[in-house]
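If you want the building blocks of each chain, they are given just below.
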Amino acid sequence: MRQRWRWAIALLAFGLGVLVAYLSAGDRGLSLAGMEETQPTVSSVAETIAPSPTLEAPMYEQRVLEFSTVHILKIPGNSSWEVRPLVADSLKILNEFATDSGAIAVINGGYFDPVNQQTTSFISQNGAIIADPQDNDRLMDNPDLTPYLPKILNRSEFRRYQCGGEITYAIARHNDSIPEDCQLADALGAGPRLLPHLTAEDEGFVEVVDGVVVRDAIGTTTPNARSAIGITEHGDLVWLIVAQRPDLDSPTGMTLAEVSDMLRSLNVTDALNLDGGSSSSLWHNGTRYYGKLNDAQEWIDRSVKSALILDVSTP
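Residues numbered from 1 in each chain as written. Predicted model: local features only at pLDDT ≥ 70, side-chain atom pairs only at ≥ 80, totals over all residues. Heavy atoms only, no water.

### Observations regarding the overall build of the chain
No. 1: Helices and strands together make up the secondary structure of the chain, namely six helices and 20 strands.
No. 2: Going through the 315 residues of the chain one by one, you find that 47% of them count as buried.
No. 3: Across the chain, contacts joining residues at least 24 apart in sequence account for 65% of those joining residues at least 6 apart.
No. 4: Carbon and sulfur atoms make up 53% of the accessible area of the chain, which amounts to about 15,800 Å² in all. (Helix = DSSP H or I, 4+ residues; strand = E, 2+ residues; numbered from the N terminus. Buried < 20%, exposed > 50% of the residue type's maximum accessible area, 1.4 Å probe, protein only. Contact = heavy atoms within 4.5 Å. Areas by Shrake-Rupley, 256 points an atom, 1.4 Å probe, with all protein chains shown as cover.)

Spelled out as C-alpha coordinates, the structure:
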(Lines give C-alpha, C1' and ligand atoms only; values in the text may rest on other atoms or scores of the structure.)
Protein backbone atom coordinates (compact mmCIF):
# COMPACT_ATOMS: atom_id res chain seq x y z
CA MET A 1 0.00 0.00 0.00
CA ARG A 2 2.82 2.41 0.88
CA GLN A 3 4.44 1.69 -2.45
CA ARG A 4 1.23 2.65 -4.29
CA TRP A 5 0.98 5.90 -2.33
CA ARG A 6 4.56 6.77 -3.17
CA TRP A 7 3.90 6.25 -6.90
CA ALA A 8 0.71 8.31 -6.72
CA ILE A 9 2.51 11.18 -5.03
CA ALA A 10 5.36 11.03 -7.55
CA LEU A 11 2.96 11.14 -10.50
CA LEU A 12 1.05 14.05 -8.96
CA ALA A 13 4.28 16.04 -8.48
CA PHE A 14 5.33 15.36 -12.06
CA GLY A 15 1.96 16.52 -13.37
CA LEU A 16 2.11 19.73 -11.36
CA GLY A 17 5.62 20.42 -12.67
CA VAL A 18 4.50 20.01 -16.28
CA LEU A 19 1.50 22.29 -15.66
CA VAL A 20 3.69 25.05 -14.16
CA ALA A 21 6.16 24.87 -17.05
CA TYR A 22 3.31 25.07 -19.57
CA LEU A 23 1.73 28.08 -17.87
CA SER A 24 5.11 29.86 -17.64
CA ALA A 25 5.77 29.32 -21.34
CA GLY A 26 2.29 30.60 -22.17
CA ASP A 27 2.85 33.76 -20.12
CA ARG A 28 6.10 34.41 -21.94
CA GLY A 29 4.45 33.98 -25.34
CA LEU A 30 1.60 36.31 -24.37
CA SER A 31 3.94 39.02 -23.13
CA LEU A 32 6.00 39.02 -26.35
CA ALA A 33 2.98 38.99 -28.65
CA GLY A 34 0.64 41.41 -26.93
CA MET A 35 2.40 43.70 -24.43
CA GLU A 36 4.46 46.48 -25.99
CA GLU A 37 6.38 47.26 -22.83
CA THR A 38 7.86 43.74 -22.81
CA GLN A 39 9.12 43.83 -26.40
CA PRO A 40 12.89 43.22 -26.65
CA THR A 41 15.15 46.25 -26.94
CA VAL A 42 18.11 46.56 -29.29
CA SER A 43 20.44 45.29 -26.58
CA SER A 44 18.36 42.17 -25.90
CA VAL A 45 17.92 40.88 -29.44
CA ALA A 46 21.16 38.89 -29.30
CA GLU A 47 19.47 36.52 -26.87
CA THR A 48 16.88 35.52 -29.47
CA ILE A 49 19.14 34.91 -32.47
CA ALA A 50 22.35 33.13 -31.55
CA PRO A 51 25.06 32.07 -34.02
CA SER A 52 24.19 28.77 -35.67
CA PRO A 53 26.88 27.25 -37.87
CA THR A 54 24.61 24.27 -38.61
CA LEU A 55 21.56 26.30 -39.67
CA GLU A 56 20.14 24.72 -42.83
CA ALA A 57 17.23 26.97 -43.83
CA PRO A 58 16.72 30.75 -43.90
CA MET A 59 15.11 31.95 -40.68
CA TYR A 60 12.80 34.97 -40.54
CA GLU A 61 12.13 36.89 -37.33
CA GLN A 62 10.28 40.09 -36.47
CA ARG A 63 11.08 42.33 -33.51
CA VAL A 64 8.86 45.20 -32.40
CA LEU A 65 11.09 47.74 -30.66
CA GLU A 66 10.28 51.07 -29.02
CA PHE A 67 10.48 53.17 -32.18
CA SER A 68 10.61 50.62 -35.01
CA THR A 69 9.72 47.16 -36.23
CA VAL A 70 12.70 45.15 -37.42
CA HIS A 71 12.44 42.36 -39.99
CA ILE A 72 15.38 39.95 -39.96
CA LEU A 73 16.23 37.13 -42.36
CA LYS A 74 19.21 34.97 -41.43
CA ILE A 75 20.68 32.92 -44.29
CA PRO A 76 23.08 30.03 -43.60
CA GLY A 77 26.52 30.28 -45.14
CA ASN A 78 28.27 27.34 -46.81
CA SER A 79 24.92 26.00 -47.96
CA SER A 80 22.90 25.58 -51.13
CA TRP A 81 21.45 29.09 -50.67
CA GLU A 82 22.85 31.87 -52.83
CA VAL A 83 22.57 35.66 -52.62
CA ARG A 84 23.19 37.69 -55.75
CA PRO A 85 22.22 41.07 -57.24
CA LEU A 86 19.72 41.86 -59.97
CA VAL A 87 19.31 45.11 -61.93
CA ALA A 88 16.15 46.25 -63.69
CA ASP A 89 16.08 48.03 -67.05
CA SER A 90 13.35 50.24 -65.62
CA LEU A 91 12.37 50.60 -61.99
CA LYS A 92 10.48 47.68 -60.42
CA ILE A 93 8.70 46.96 -57.16
CA LEU A 94 10.23 44.18 -55.10
CA ASN A 95 7.44 41.71 -55.92
CA GLU A 96 8.39 41.94 -59.60
CA PHE A 97 12.02 41.07 -58.85
CA ALA A 98 10.76 38.00 -56.98
CA THR A 99 8.37 36.95 -59.74
CA ASP A 100 10.92 37.43 -62.53
CA SER A 101 13.69 35.53 -60.72
CA GLY A 102 11.74 32.86 -58.84
CA ALA A 103 13.60 33.85 -55.66
CA ILE A 104 12.24 33.02 -52.21
CA ALA A 105 13.40 36.35 -50.78
CA VAL A 106 14.33 39.81 -52.11
CA ILE A 107 15.67 42.94 -50.41
CA ASN A 108 16.14 46.34 -52.04
CA GLY A 109 19.65 47.09 -53.22
CA GLY A 110 21.86 50.05 -54.17
CA TYR A 111 21.33 53.76 -54.80
CA PHE A 112 19.75 55.15 -57.95
CA ASP A 113 18.43 58.38 -59.44
CA PRO A 114 14.62 58.27 -59.56
CA VAL A 115 14.55 61.04 -62.18
CA ASN A 116 16.48 59.26 -64.94
CA GLN A 117 16.20 55.75 -63.40
CA GLN A 118 19.96 55.23 -63.64
CA THR A 119 22.17 53.71 -61.00
CA THR A 120 24.45 55.70 -58.72
CA SER A 121 26.03 52.48 -57.39
CA PHE A 122 28.32 49.97 -59.10
CA ILE A 123 26.75 46.54 -59.64
CA SER A 124 28.57 43.51 -61.06
CA GLN A 125 27.18 40.19 -62.21
CA ASN A 126 29.17 37.15 -63.35
CA GLY A 127 32.37 39.17 -63.01
CA ALA A 128 31.26 42.05 -65.26
CA ILE A 129 29.97 45.51 -64.34
CA ILE A 130 26.33 45.73 -65.46
CA ALA A 131 25.45 49.03 -63.77
CA ASP A 132 28.01 51.85 -63.80
CA PRO A 133 27.36 55.20 -62.05
CA GLN A 134 29.89 56.82 -64.39
CA ASP A 135 27.30 56.48 -67.16
CA ASN A 136 24.88 58.64 -65.18
CA ASP A 137 25.28 62.21 -66.44
CA ARG A 138 23.12 63.67 -63.68
CA LEU A 139 25.62 62.28 -61.17
CA MET A 140 28.88 62.92 -63.00
CA ASP A 141 28.00 66.43 -64.28
CA ASN A 142 26.50 67.77 -61.07
CA PRO A 143 28.85 70.55 -59.85
CA ASP A 144 27.62 70.17 -56.27
CA LEU A 145 28.77 66.55 -56.26
CA THR A 146 32.11 67.05 -58.05
CA PRO A 147 34.17 67.23 -54.80
CA TYR A 148 32.59 63.97 -53.61
CA LEU A 149 32.86 61.91 -56.82
CA PRO A 150 36.07 60.06 -55.88
CA LYS A 151 34.37 58.83 -52.70
CA ILE A 152 31.04 58.12 -54.41
CA LEU A 153 32.80 55.96 -57.00
CA ASN A 154 34.69 54.05 -54.31
CA ARG A 155 31.88 53.25 -51.91
CA SER A 156 31.66 49.93 -50.12
CA GLU A 157 29.96 46.99 -51.80
CA PHE A 158 28.68 43.53 -50.94
CA ARG A 159 30.70 40.93 -52.84
CA ARG A 160 30.29 37.27 -53.72
CA TYR A 161 33.59 35.51 -54.45
CA GLN A 162 34.24 32.20 -56.18
CA CYS A 163 37.30 30.81 -54.39
CA GLY A 164 38.13 27.41 -55.83
CA GLY A 165 35.02 25.33 -55.33
CA GLU A 166 33.60 27.53 -52.58
CA ILE A 167 31.43 30.65 -52.55
CA THR A 168 32.31 33.27 -49.94
CA TYR A 169 30.89 36.70 -49.16
CA ALA A 170 32.66 39.91 -48.17
CA ILE A 171 32.26 43.67 -47.92
CA ALA A 172 34.95 45.84 -49.49
CA ARG A 173 35.49 49.18 -51.21
CA HIS A 174 34.86 49.15 -54.95
CA ASN A 175 38.54 49.73 -55.75
CA ASP A 176 39.81 47.09 -53.32
CA SER A 177 41.66 44.17 -54.90
CA ILE A 178 40.23 40.67 -55.21
CA PRO A 179 41.72 38.10 -52.80
CA GLU A 180 44.34 35.81 -54.27
CA ASP A 181 42.99 32.58 -55.80
CA CYS A 182 39.46 34.07 -55.91
CA GLN A 183 37.29 35.54 -58.64
CA LEU A 184 34.64 38.22 -58.21
CA ALA A 185 31.30 36.67 -59.10
CA ASP A 186 28.92 39.48 -58.15
CA ALA A 187 28.92 42.80 -56.30
CA LEU A 188 26.38 45.43 -55.27
CA GLY A 189 27.48 48.85 -54.08
CA ALA A 190 25.76 51.01 -51.48
CA GLY A 191 27.18 52.36 -48.21
CA PRO A 192 28.26 53.49 -45.78
CA ARG A 193 29.78 50.49 -44.10
CA LEU A 194 28.13 49.74 -40.75
CA LEU A 195 30.54 47.22 -39.26
CA PRO A 196 33.20 46.68 -38.06
CA HIS A 197 33.06 50.50 -37.96
CA LEU A 198 30.51 53.04 -39.15
CA THR A 199 32.01 55.05 -42.02
CA ALA A 200 29.36 57.79 -42.02
CA GLU A 201 31.74 60.69 -42.54
CA ASP A 202 33.78 59.00 -45.25
CA GLU A 203 30.97 57.31 -47.21
CA GLY A 204 27.86 59.12 -46.04
CA PHE A 205 29.50 62.52 -46.61
CA VAL A 206 28.65 63.80 -43.14
CA GLU A 207 30.39 67.09 -42.36
CA VAL A 208 30.71 68.43 -38.84
CA VAL A 209 31.84 72.01 -38.10
CA ASP A 210 32.45 73.05 -34.50
CA GLY A 211 30.45 70.07 -33.30
CA VAL A 212 27.45 70.87 -35.52
CA VAL A 213 26.41 68.63 -38.44
CA VAL A 214 26.27 70.91 -41.50
CA ARG A 215 25.86 68.19 -44.12
CA ASP A 216 24.28 64.75 -43.89
CA ALA A 217 23.52 63.61 -47.42
CA ILE A 218 21.59 60.44 -46.52
CA GLY A 219 20.32 61.44 -43.09
CA THR A 220 22.60 59.12 -41.13
CA THR A 221 21.70 60.71 -37.78
CA THR A 222 17.93 60.92 -38.36
CA PRO A 223 15.57 58.02 -37.51
CA ASN A 224 14.31 56.50 -40.75
CA ALA A 225 13.47 53.27 -42.52
CA ARG A 226 16.69 51.35 -43.24
CA SER A 227 17.96 48.30 -45.11
CA ALA A 228 21.23 46.47 -44.49
CA ILE A 229 23.10 43.25 -45.12
CA GLY A 230 25.59 41.69 -42.71
CA ILE A 231 27.96 38.75 -42.39
CA THR A 232 28.27 36.89 -39.07
CA GLU A 233 31.42 35.43 -37.56
CA HIS A 234 30.28 32.01 -38.82
CA GLY A 235 29.78 33.20 -42.41
CA ASP A 236 25.97 33.38 -42.25
CA LEU A 237 24.24 36.33 -43.92
CA VAL A 238 21.75 38.63 -42.22
CA TRP A 239 19.24 40.74 -44.11
CA LEU A 240 17.61 43.47 -42.06
CA ILE A 241 15.05 46.17 -42.71
CA VAL A 242 13.95 48.73 -40.15
CA ALA A 243 10.29 49.71 -40.56
CA GLN A 244 8.72 52.82 -39.08
CA ARG A 245 5.90 52.57 -36.53
CA PRO A 246 2.47 53.75 -37.83
CA ASP A 247 1.11 53.82 -34.26
CA LEU A 248 3.53 56.50 -33.03
CA ASP A 249 3.57 60.24 -33.68
CA SER A 250 7.26 60.83 -32.95
CA PRO A 251 9.91 60.23 -35.64
CA THR A 252 10.37 56.48 -35.92
CA GLY A 253 12.93 54.18 -37.43
CA MET A 254 16.65 54.05 -36.65
CA THR A 255 19.78 56.10 -37.19
CA LEU A 256 22.68 54.35 -38.91
CA ALA A 257 24.50 54.10 -35.58
CA GLU A 258 21.48 52.28 -34.13
CA VAL A 259 21.36 49.91 -37.11
CA SER A 260 25.05 49.19 -36.56
CA ASP A 261 24.41 48.38 -32.88
CA MET A 262 21.45 46.20 -33.82
CA LEU A 263 23.49 44.15 -36.27
CA ARG A 264 26.31 43.77 -33.76
CA SER A 265 23.80 42.34 -31.27
CA LEU A 266 22.92 39.73 -33.91
CA ASN A 267 26.55 38.55 -34.00
CA VAL A 268 27.25 40.35 -37.29
CA THR A 269 30.89 41.35 -37.69
CA ASP A 270 30.80 43.03 -41.13
CA ALA A 271 27.84 44.97 -42.51
CA LEU A 272 26.78 47.31 -45.30
CA ASN A 273 24.00 49.90 -45.38
CA LEU A 274 21.74 49.56 -48.43
CA ASP A 275 19.47 52.20 -49.94
CA GLY A 276 16.98 53.23 -47.24
CA GLY A 277 13.98 55.45 -46.64
CA SER A 278 11.22 54.88 -49.18
CA SER A 279 13.28 52.16 -50.88
CA SER A 280 13.46 49.93 -47.78
CA SER A 281 11.51 46.75 -48.35
CA LEU A 282 11.77 42.98 -47.90
CA TRP A 283 9.87 40.23 -49.72
CA HIS A 284 9.96 36.73 -48.24
CA ASN A 285 7.92 33.65 -49.13
CA GLY A 286 5.10 35.67 -50.65
CA THR A 287 4.91 38.32 -47.92
CA ARG A 288 5.98 41.94 -48.42
CA TYR A 289 7.39 43.99 -45.53
CA TYR A 290 7.52 47.76 -46.04
CA GLY A 291 9.82 50.24 -44.32
CA LYS A 292 8.69 53.81 -44.93
CA LEU A 293 5.43 55.60 -44.08
CA ASN A 294 4.01 58.65 -45.85
CA ASP A 295 2.36 61.61 -44.10
CA ALA A 296 -0.95 59.72 -44.04
CA GLN A 297 0.78 56.87 -42.16
CA GLU A 298 0.43 54.56 -45.17
CA TRP A 299 3.19 52.27 -46.44
CA ILE A 300 5.17 53.54 -49.43
CA ASP A 301 5.53 51.00 -52.24
CA ARG A 302 8.50 52.40 -54.13
CA SER A 303 9.99 50.96 -57.29
CA VAL A 304 13.78 50.44 -57.20
CA LYS A 305 16.62 49.90 -59.65
CA SER A 306 18.38 46.94 -58.02
CA ALA A 307 17.88 44.22 -55.45
CA LEU A 308 19.56 41.29 -53.76
CA ILE A 309 17.78 37.98 -54.26
CA LEU A 310 17.94 34.69 -52.38
CA ASP A 311 17.52 31.43 -54.23
CA VAL A 312 19.03 27.95 -54.48
CA SER A 313 22.46 27.90 -56.11
CA THR A 314 22.94 26.03 -59.34
CA PRO A 315 25.99 23.83 -60.07
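### Comments concerning the nonpolar core
No. 1: Counting 25 residues, the largest nonpolar core has Ile75, Val83, Phe158, Trp239, Leu274, Leu308 and Leu310 as the members making the most contacts within it.
No. 2: Listed by contribution, the elements that provide at least two residues to this core are strand 2 (69–75), strand 3 (81–92), strand 4 (105–108), strand 10 (166–173), strand 15 (226–232), strand 16 (237–243) and strand 20 (304–312).
No. 3: In terms of residue count, the dominant contributor to this core is strand 16 (three residues).
No. 4: When neighbours within four sequence positions are excluded, leucine 274 is seen to be in contact with Ile107, Asn108, Gly109, Tyr111, Leu188, Ala190, Ser227, Ala228, Ile229 and Leu308.
No. 5: Core analysis: the next-biggest nonpolar cluster, separate from the first, contains 17 residues, Ile72, Ala228, Val238 and Ala271 among them. (Core = buried A, V, L, I, M, F, W, Y, C linked by side-chain atoms within 4.5 Å.)

### Some points on the pattern of salt bridges
No. 1: A full pass over the atoms with the stated rule returns 15 salt bridges.
No. 2: With a closest N to O distance of 3.1 Å, arginine 160 and glutamate 82 form a salt bridge. With arginine 160 in strand 9 (residues 156–163) and glutamate 82 in strand 3, this pair connects stretches of sequence that are 78 residues apart.
No. 3: For arginine 160, a relative accessible area of 8% corresponds to the buried category.
No. 4: With a closest N to O distance of 2.7 Å, arginine 245 and aspartate 247 form a salt bridge.
No. 5: Residue classification places aspartate 247 among the partly exposed positions, given a relative accessible area of 48%.
No. 6: If you follow the salt bridges from partner to partner, you end up with Glu82, Arg84, Arg160, Asp186 and Asp311 in one network. (Salt bridge = Lys/Arg side-chain N within 4 Å of Asp/Glu carboxyl O.)

### Focus: the state of the cysteines
No. 1: Tallied over the entire structure, the rule returns one disulfide.
No. 2: Disulfide pairing is shown between cysteine 163 and cysteine 182; the S-S distance is 2.0 Å. Here the S-S torsion is close to 110 degrees, and the disulfide linking cysteine 163 with cysteine 182 is therefore right-handed. In this pair, cysteine 163 is assigned in strand 9 and cysteine 182 in the loop between strand 10 and strand 11 (183–189), connecting sequence segments 19 residues apart. (Disulfide = S-S within 2.5 Å.)

### Looking at the confidence of the model for the chain
No. 1: Across the chain, pLDDT averages 84, with 82% of residues at or above 70.
No. 2: Confidence over residues 1–55 falls short of pLDDT 50; this stretch has 43 contacts with residues more than four positions distant or in other chains. (pLDDT = per-residue confidence, 0-100.)

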